[in-house]
There are 2 protein chains.
Amino acid sequence: MIQDPAYTVEPWGIRETHLELENLAQSESVFAQSNGHIGVRGTLDEGEPAGLPGTYLNAFYEARPLPYAEAGYGYPEAGETVVNMTNGKIIRLLVDDSPFDIRYGDLEEHDRRIDFRSGILTRMALWRSPTGNTVRVTSERFVSFSQRALMAIRYTVEPTAAETRVVVQSELVTNEPGATMTNDPRTAAALEAPLEAEEFLGGDARAVLVHQTKQSKLRAGAAMGHEIEGPAGTDWHSEAWEDLGRTTINSTPGPGDPLTITKFVTYGWSARRSVPAIRDQVSAALAEATHTGWDELVAAQRAYLDDFWERADVELDGDAELQQAVRFGLFHSLQASARGEGRAIPAKGLTGPGYDGHTFWDTEAYVLPLLSYAAPEAAAEALKWRLATIEKARERAKELGLGGAAFPWRTISGAECGAYWPAGTAAFHINADIAQAVLRQCDVNVDPDFEEEVALPLLVETARLWRSLGHHDAHGAFRIDGVTGPDEYSAVADNNIYTNLLAAKNLRGAAEFAERYGEAGEGLGVDPEEVASWRDAAEAMTIPYDEALEVHPQSDNFTKHARWDFDAVEPDQYPLLLNYPYFDLYRKQVVKQADLVMAMVICSDAFTPEEKARNFAYYEPLTVRDSSLSACVQAVMAAETGHLELAYDYLGEAALMDLDDLEHNSSDGIHIASLAGTWIAVVLGFGGLRDHDGMLSFMPRLPERLGRVCFRLGYRGRRIWVEVTKRGTKFKLLDGEEAVRFRYFGEEVELGEEGLEFGPPPPVEPPPDPVHQPPGRTPQKRRPSR
Amino acid sequence: MIQDPAYTVEPWGIRETHLELENLAQSESVFAQSNGHIGVRGTLDEGEPAGLPGTYLNAFYEARPLPYAEAGYGYPEAGETVVNMTNGKIIRLLVDDSPFDIRYGDLEEHDRRIDFRSGILTRMALWRSPTGNTVRVTSERFVSFSQRALMAIRYTVEPTAAETRVVVQSELVTNEPGATMTNDPRTAAALEAPLEAEEFLGGDARAVLVHQTKQSKLRAGAAMGHEIEGPAGTDWHSEAWEDLGRTTINSTPGPGDPLTITKFVTYGWSARRSVPAIRDQVSAALAEATHTGWDELVAAQRAYLDDFWERADVELDGDAELQQAVRFGLFHSLQASARGEGRAIPAKGLTGPGYDGHTFWDTEAYVLPLLSYAAPEAAAEALKWRLATIEKARERAKELGLGGAAFPWRTISGAECGAYWPAGTAAFHINADIAQAVLRQCDVNVDPDFEEEVALPLLVETARLWRSLGHHDAHGAFRIDGVTGPDEYSAVADNNIYTNLLAAKNLRGAAEFAERYGEAGEGLGVDPEEVASWRDAAEAMTIPYDEALEVHPQSDNFTKHARWDFDAVEPDQYPLLLNYPYFDLYRKQVVKQADLVMAMVICSDAFTPEEKARNFAYYEPLTVRDSSLSACVQAVMAAETGHLELAYDYLGEAALMDLDDLEHNSSDGIHIASLAGTWIAVVLGFGGLRDHDGMLSFMPRLPERLGRVCFRLGYRGRRIWVEVTKRGTKFKLLDGEEAVRFRYFGEEVELGEEGLEFGPPPPVEPPPDPVHQPPGRTPQKRRPSR
């Protein structure tokens, strides 16, 4: 927990007013910019010092062998790791013979700020060189939402005292050192300089570099061009080499007579296109950006974000820090997905090399709930990406002896990259998570083409997987044995309730869609017998229950296992997986992250309120939250079971995951799912939104300190505006004129143009007992706003 | 299945009368010689052609890193692989300019034979060189039982037609190529030339080489010396280089005037001793051998084996092939263990590099039953080795968060080398297997020093492990969750019955010994509370039972799992683990090897006869025998449940594992446990021996074809001779005069000097139904003797 916060609190941005070298990497993640296609970390313009330099193109990866001391059938052999692509951010500055480097001379002022409404990262540095020259360096940087191949930078140097000779080198740098973070020497070797030059061109303030990855044979190009304004005598020239494009600018700016450089950098990659094609692609994108011009691009950036905030903003009154953090989460969720367009949303977005740049279930389970309501096109694109990988998933299922499609636990390309099957292949729930995201997307947005072309095949093939993965026992119950649920501290168990409930939804959803789109279903080989077998399996699904304890074991036998000896764990022994063997974690009652609790959120109607309360009270003392994916889910169930202050604390944990670096790894990228989960915590937790049965329902409840929570939901062509205060709840219908019916505290109501207003929600039934977390794992109480 | 048997059938040896190059590696294993300290594969004297050259010193290994694509806490980082040590067998021959190489010229006769009574491998080759000279090459080779550092060879060349110039090069060759068999390039690199020269000396028909392994820093020396007899003019000289010692002999033998070379090769290694110390150690051993002389060494070898056969021989009338195979198994079991002296018995003995030269539970569970009755000193030594590694096992337990000692699943040095924990660390039953072997050893042999110094600490520390590994559930039952039993197709399961029953025996045994040796127990920190807690856990041990099916599930939920779809498996898809993912094997009813069935053998008194019959009938159709450890155990339970012909077929499978190369990997070493298990199949199966409650019992039953089975048991200072025929059973007391009581078909009887004789055993109750194996997995019917 960072006690001296690195960032100032403000509603619409993140600001840093001093620079701590040891926090550089975290700030690079926090200030990372992305449009879902290009991602750049928030490194300093001059390149050094850097925590972890990084420039990423979605799905542009290098392949590497996965080693096994004892291999097994079906183990994936090829790993994939996101590649640090050509860095186009670098603008080096020489001030009268001294390189501008904040580690030397005096950094008299430092101010960096990312603005959630403009989308621009602004930096101002007032620096006195070792030889006594003081310059003000200002830069603005953005990754364009409107032109997805583009990053743009405006860079200004202005001496404060007298005319000063400066040299600016604006660069494209490939294979820059220090961009990997592995302990494995072989992996490091594979990624040390992953790109091989294929073409380089320079001249006329422009340069183009084309490279190819050595193993995966993906080809990428980067181009840069400049507009340069400076005092008379300013001149420049451009050159290129294999791993370097450089425009060198000589100028003598003075006070009031700055040198200003506008740099456009464009990127593109392809597994198929030729060197000339890639070269021309990035050159064309550069021409388009230049043609459009800085001002218009900035305006388009603003317009894109204004539209997003209209649809997505969540307002919290009473906790300025959380207000900021929630918007930070929404902003990064958008950045991770906006222009992915048929690509995945990695667990760390495009903000760092963490998790190798892989995509997990996080996308569907944590990010898509937000996107389906707030940025449905981005959600649709993410699911189209899954569909685009379905052939690989079918092959994987076949390799595993299963029907349908088995989507990978972790991947970039769609191929399984999980090298530890008990927490990889066995986590089949990812297939139900995808199905659940598909069903929600279709429920919230009206798009028959999507339903038929994307939703149907995804539902059908995942349903087939479940049908082949489970079996009926002697008593006719349908069991799914030997799988791993969300809680990775209990692997390879029978009848994980989360998995079984979501599989049942998956099976029912597939049945419904196959009947709704009969012809398309037939095209997929579905017949009435198969549909019936799905419904039958869903109906007969095993849901274990411990009659003695009156709780649901998260999987068979779970409640019979020994309870973890939490008292023996020292605070620095978390996360447990770094200090205890899997074998011990798996065989005891200890929960890494919400599992049954998550099932109670998603399949809210499968549990009575009393069961929810008992289960939540049972699992809270077992749940250590060694995953960033837990707190936001626990927040929802804490709120539903009346533990509103606990819910509030969990919301804080989810929202501040990266701003406070709670897991000590924000340095390698921010946690997109936890940040998107902030929306879940607020909207499902305090807004009480549920969407499990084709009709929205709300049971809003606020914790003491929040005076007002306000959010918007895109819903079937409308926008619903919801404002919750202590005095009552208001609903308004924005966009779309048709009234919408939903439930409010169980009562069906209709929201039309005139809006709806309700008085204070029914008083929260105080829970009989407080719930407890494992010793030392109680979430931090929300601190007072600073 | 080899249809054209490679070896001729004879009672006291294995003979090969023609040479198939593609079977070279298998024959090298079959003809491998060892005394438990030194092991040499049965390569041809001239070194080439070779299948897989190999010379091993027990526990002399190289370390190498164990790679993990996704590592976890507690994963062992260092692997261990047995090293191919300096080859002292090589005697190259140049016949009038032509190198003696059976791939060239004509091999007119070939005859190799290992004799189980002399212990000598004899070879005769009549070879016509490409230039038309014919020579008879004869060699005799043995690894001495009486001088454990020694291998000796007598090599004779005799031209058949005329005097012929020959050159003989008798060598020590280090780092010979082709001795590894890994697909992993990094492992291969580590083992390609693992030995670094430290000293070499040559001269006077002798040479010494001293080397050190590069990573594990173990030091080993090899010395050779020669006695040379030949026609006048025969002379020789010796030289040495870093990786080569060579004695070159020039001679011109003729018909009736052969050249005979007697070669003594001695070995030694140490982790601590210096280069001079090792050099002198092997030189001293060489001096001793030379001093003793060939004839006396041969006589001692014979005497050692005569004594062994007196104690160990098993006679079978009616099946000459099985008779041979049973003695082959006994002989190799002795070879693997005779002079190990504080070292392990690896799964492949010292006959090849298979399983990296590692020792598993095989030793205690399969080899020690034989040795405790037939070679108790060897059994004691193997257990002393375990004790010698107890500190590493304590550390491992601590690392895993457990009490007591956790012995490694696979190891050379005593450190855990298992890189896949579900079939490694989780297979905790190895600790109970050790305890069971300890208890049997103490039951069968009277040795209070062993009991106090070896048995007690092993029992106490393994009992502590179980006590910490299990817990009492809410109903007071003691559970052991999340472990892997012998069946590696069902891993990480709760309450594996095999594990639980043997753990209970372990706990009770520790309690009994701790009380019997109270002071020594106190020295280990045992107090009455701890003893009581062991007894309590043993009493409360959970033994799951499926009331509906009336069978024991081998672990919780097992009988609820889907049955494996055996009909979908093609014959070439066995072993399943090479063609199906672990996840699928683990979650279904399919059994790699006897697990519950093995529990019913060892803990015979924990099951009623009816339960045994039902369980056996239930598990037979699920058991695929993808392990060489299964058939011998199934033989025992098949016999007990009245399936005598099935038992006989299983005996055949166990006994012919390597002679018929049933698992297609005898090339990298023979399967010591399966061969020792042959004794189990005969003595426990057809002899009906059980020793589970401190008193021997017999229920002999013969299959149709076997007219007579006769075996001996060392027992508390006596030898019991047992002869089973269709007409009845005879017992005699050899050695030792005190009468012994045991049970015969449930009746307690006393065997004194006068012997005991019983009429035909009670007729075998024919089982109600035949049992079935999975399709295609029925053991081969015993073929008629050839």
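Residues numbered from 1 in each chain as written. Chains lettered and ligands numbered in written order. Predicted model: local features only at pLDDT ≥ 70, side-chain atom pairs only at ≥ 80, totals over all residues. Heavy atoms only, no water.

Q: Please explain the interface of chain A and chain B as it appears in this structure.
A: Interface size, as often reported, equals the accessible area lost upon joining of the parts. Contacts between the two partners involve 44 residues from chain A and, on the opposite side, 44 residues from chain B. Across the chain A to chain B interface the summed buried area is about 3700 Å²; carbon plus sulfur atoms make up 56%. In terms of surface lost to chain B, no three residues of chain A exceed Tyr73(A), Phe583(A) and Arg587(A), which account for 19% of the buried area on that side. Connecting chain A to chain B are 2 salt bridges. For the side of chain A that touches chain B, the class distribution of residues is 24 nonpolar, 8 polar and 12 charged. (Contact = heavy atoms within 4.5 Å. Buried area = accessible area lost by both parts, 1.4 Å probe. Salt bridge = Lys/Arg side-chain N within 4 Å of Asp/Glu carboxyl O. Nonpolar A, V, L, I, M, F, W, Y, C, P; charged D, E, K, R; others polar.)

Q: Sorry if this is basic, but what is going on with the sheet that holds strand E18 (residues 244–251) of chain B here?
A: Pairing between the strands of a sheet comes from backbone hydrogen bonds, and it takes one of two forms, parallel or antiparallel. All names here are of chain B. With antiparallel pairing, the 5 strands of this open sheet are ordered in space as E8-E7-E13-E18-E17. Taken across any chain shown, the strands that pair with only one partner, and hence form the sheet edges, are strand E8 (98–99) and strand E17 (235–241). Here strand E13 (residues 166–173) pairs with E18 via 8 bridges, running antiparallel. Looking at E18, one finds that Val167 is bridged to Asn250. (Pairing = 2+ DSSP bridges. Helix = DSSP H or I, 4+ residues; strand = E, 2+ residues; numbered from the N terminus.)

Q: I would appreciate a short explanation of the packing of helix H7 (residues 376–388) of chain A against helix H10 (residues 448–469) of chain A in the present structure.
A: A pair of packed helices can be characterised by two numbers: the angle between their axes and the separation between those axes. Residues and elements named next belong to chain A. Put simply, H7 and H10 touch, their axes get as near as 10 Å, and they point 50° apart. In terms of axis orientation, H7 runs oblique to H10. The interaxial crossing formed by H7 with H10 has left-handed handedness. Of the residues in H10, those touching H7 at Ala380, Leu383, Lys384, Arg386 and Leu387 are Phe450, Glu453, Val454, Pro457 and Leu458. (Axes fitted to C-alpha atoms, helices over the stretch in contact; angles between N-to-C directions. Parallel < 35°, antiparallel > 145°, perpendicular 65-115°, else oblique. Left-handed = near helix turned anticlockwise from the far one by under 90°.)

Q: Please explain the environment of Asp306(B) as it appears in this structure.
A: Mapped onto the elements of the fold, Asp306(B) is located in helix H4 (residues 294–312). The spatial distance from the C-alpha of Asp306(B) to the C-alpha of Arg117(B) is 6.5 Å, given a sequence separation of 189 residues.

Q: What should I look at first to understand the side chain of Gln436(A) in this one?
A: Residue and element names in this part refer to chain A. With respect to the element layout, Gln436 can be found in helix H9 (residues 429–444). The exposure class assigned to Gln436 is buried, which follows from its relative accessible area of 7%. Among the polar contacts listed, one links the side chain of Gln436 to the side chain of Lys505, at a separation of 3.2 Å. The residues contacting Gln436, other than those within four sequence positions of it, are Leu502, Lys505 and Ile602. (Buried < 20%, exposed > 50% of the residue type's maximum accessible area, 1.4 Å probe, protein only. Polar contact = N/O pair within 3.5 Å; in protein donor to acceptor, adjacent residues only side chain to side chain.)

Any functional reading would require information beyond the geometric quantities listed.
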